[in-house]
Amino acid sequence: MSETLVTVQDTFDQWALEGQDARMEQGHWPTASQLIKCLDIKPGQWVLDIGCGNGYVIQWASEQVGSQGRAVGIDISPTMAAHAKLKLKETTNTSIMVADVQNMPFAPESFHHVVSVECLYYTSDVLSALQKIEFIMASGGQLAVMVDFYKDNPYCATWPELLGLPMAAYSEAEYRDLFEAAGFSQVETKRLYNPTPVDASSFTPGWGFNSVSDVEHFRQQVGSLAILGRKP
């Protein structure tokens, strides 16, 4: 494993130990729930979540695919994966494994749908990652990616320095180009807005947000970036 991947893995292991996985679920779900509803998931299909964290998207997907389908999650962090397995212990149609997007152990055309929430920008080569995703998807399958870290978000420029992690920054237009270069068609982008009110009493400046109004501006006017594509 490369030094970069080890650093990302160690960071997410520590976050999981600190309970950050549950806080990430709470923070991302208002927009991630909009993203996954863009997927036309049918009973019996196979769905993959790349960077699955504690498994909250897999939990939802397992209900959509039913007993004849499969919802699979991968995460580079063994601790995150362990938390996901615990969350999903009562399910019979889910699988969680430790892997990264550049080294996925799946055959061609394994999945009808792939989703990735706040993960893709940690890979060193986003185009290569998208090509690998396209390789394991069935014809007609859908890919849905969500990122808060992108060039058009004025609040995220300092995140790599604050996290101490390499992060690949692309604009909305550049993400569309990357999807098309990787072989996806019907590529579209949209912004996903978070309707959750900001709790001013618990707000602490940081992460590019200097005031409650900054957070409200991001949630209501900037938004999370969704990129959607289909394998021809």
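Look a little higher up for the structure.
Residues numbered from 1 in each chain as written. Predicted model: local features only at pLDDT ≥ 70, side-chain atom pairs only at ≥ 80, totals over all residues. Heavy atoms only, no water.

Peer 1: How would you sum up the sheet that holds strand 6 (residues 185-192)? Please name residues and give values.
Peer 2: Ordered by their spatial adjacency, 7 strands build an open sheet running 3-2-1-4-5-7-6, and the pairing between neighbours is mixed. Two strands in the sheet have a free side with no partner beyond their single neighbour: strand 3 (94-98) and strand 6. Taking the axes of each pair of neighbouring strands and ignoring which way they run, one obtains an average angle of 15° across the sheet. Inspection of the sheet shows strand 5 (residues 137-147) paired to strand 7 (residues 224-230) by 6 bridges, in the antiparallel sense. Paired with Val-145 across the two strands is Ile-227, which belongs to strand 7. Relative to the sheet, helix 7 (residues 172-181) contacts strand 5, strand 6 and strand 7, its axis offset from that of strand 6 by approximately 150°. (Pairing = 2+ DSSP bridges. Helix = DSSP H or I, 4+ residues; strand = E, 2+ residues; numbered from the N terminus. Axes fitted to C-alpha atoms, helices over the stretch in contact; angles between N-to-C directions. Contact = heavy atoms within 4.5 Å.)

Peer 1: So, the packing of helix 5 (residues 126-136) against helix 7: which residues are in play, and what are the values?
Peer 2: Contact geometry for helix 5 and helix 7: axes closest at 9 Å, N-to-C directions at 45°. In this view, helix 5 runs oblique relative to helix 7, as classed from their interaxial angle. Considering only the axes of helix 5 and helix 7, their crossing is right-handed. Across the interface between the two elements, Val-126, Leu-127, Leu-130 and Gln-131 from helix 5 touch Tyr-175, Leu-178, Phe-179 and Ala-181 from helix 7. Split into classes, the residues belonging to the contact of helix 5 with helix 7 amount to 7 nonpolar, 1 polar and no charged. (Parallel < 35°, antiparallel > 145°, perpendicular 65-115°, else oblique. Left-handed = near helix turned anticlockwise from the far one by under 90°. Nonpolar A, V, L, I, M, F, W, Y, C, P; charged D, E, K, R; others polar.)

Peer 1: Residue-level account of the nonpolar core, with values.
Peer 2: Leu-48, Ile-50, Met-104, Leu-130, Ile-133, Leu-143 and Tyr-175 are the most contacted members of the largest nonpolar core, which has 50 residues in total. With 5 residues, helix 5 is the single largest residue contributor to this core. One finds Ala-32, Leu-39, Leu-88 and Leu-228 within the second-largest nonpolar core, a separate group that totals 25 residues. (Core = buried A, V, L, I, M, F, W, Y, C linked by side-chain atoms within 4.5 Å. Buried < 20%, exposed > 50% of the residue type's maximum accessible area, 1.4 Å probe, protein only.)

Peer 1: Which residues make up the packing of helix 2 (residues 20-36) against helix 3 (residues 56-65), and what values do they have?
Peer 2: One can describe the packing of helix 2 onto helix 3 by two numbers: an axis separation of 10 Å at closest approach and a directional angle of 35°. Remark: the crossing between helix 2 and helix 3 carries right-handed chirality. Here helix 2 contributes Glu-25, His-28, Trp-29, Ala-32 and Ile-36 to the contact with helix 3, which in turn contributes Tyr-56, Val-57 and Trp-60.

Peer 1: How would you explain helix 8 (residues 212-222) if you had to name every residue and give the values?
Peer 2: If you check which residues of helix 8 are buried, you get Asp-214, Val-215, Phe-218 and Val-222. In a view along the axis of helix 8, the buried residues occupy a sector of 100°, so they form one face of it. Exposed residues on helix 8 whose side chains face more than 90 degrees from its buried face are Gln-220 and Gln-221. Residues of helix 8 that are buried make contact with strand 6 and strand 7. Taken from the residues just after helix 8, Gly-223 is the one with a positive phi, measuring 80°. (Arc of directions from axis to C-beta.)

Peer 1: Summarise the environment of Pro-166; cite the residues concerned and give the values.
Peer 2: Assignment of secondary structure puts Pro-166 in the loop between helix 6 (159-163) and helix 7. A relative accessible area of 41% places Pro-166 in the partly exposed class. Along the backbone, Pro-166 and Tyr-122 are 44 residues apart, and their C-alpha atoms lie at a distance of 6.5 Å.

Peer 1: An account of the pairing of strand 4 (residues 111-117) is requested, with residue identities and associated values reported.
Peer 2: By the criterion of burial, strand 4 is predominantly enclosed, with 6 of the 7 residues buried. Where strand 1 (residues 46-50) lies against strand 4, 4 bridges are found, and the strand directions are parallel. Across the sheet, residue Leu-48 finds its bridge partner in strand 4, namely Val-114. Sheet topology note: the strand 4/strand 5 ladder contains 6 bridges and is parallel. Within strand 5, the position partnered with Phe-111 by the bridge is Met-137. With respect to chirality, the unit in which strand 4 leads through helix 5 into the neighbouring parallel strand 5 is right-handed. (Right-handed = clockwise from strand over helix to strand, strands pointing away.)

Peer 1: An account of the packing of aromatic side chains is needed here, citing residue identities and associated values.
Peer 2: Working definition: an aromatic ring pair is given by the centre-to-centre distance plus the angle between the planes. Tallying each qualifying case throughout the model produces 12 aromatic pairs. A centroid spacing of 5.9 Å and a plane angle of 80° characterise the contact between Trp-29 and Tyr-56, whose relative ring orientation is edge-to-face. Here Trp-29, found in helix 2, pairs with Tyr-56, found in helix 3; they are 27 residues apart in sequence, far enough to count as distant. Judged by relative accessible area, which is 32%, Trp-29 ranks as partly exposed. Given the relative accessible area of 10%, Tyr-56 is considered buried. Consider the rings of Phe-106 and Phe-111, whose centres lie 5.0 Å apart with planes at 85°: the pair is edge-to-face. Each of the two residues, Phe-106 as well as Phe-111, counts as buried. One aromatic cluster is present, formed by Phe-12, Trp-15, Tyr-121, Tyr-122, Phe-149 and Trp-159 through successive ring pairs. (Phe/Tyr/Trp six-rings, centres within 6.5 Å; stacked < 30°, edge-to-face > 60°.)

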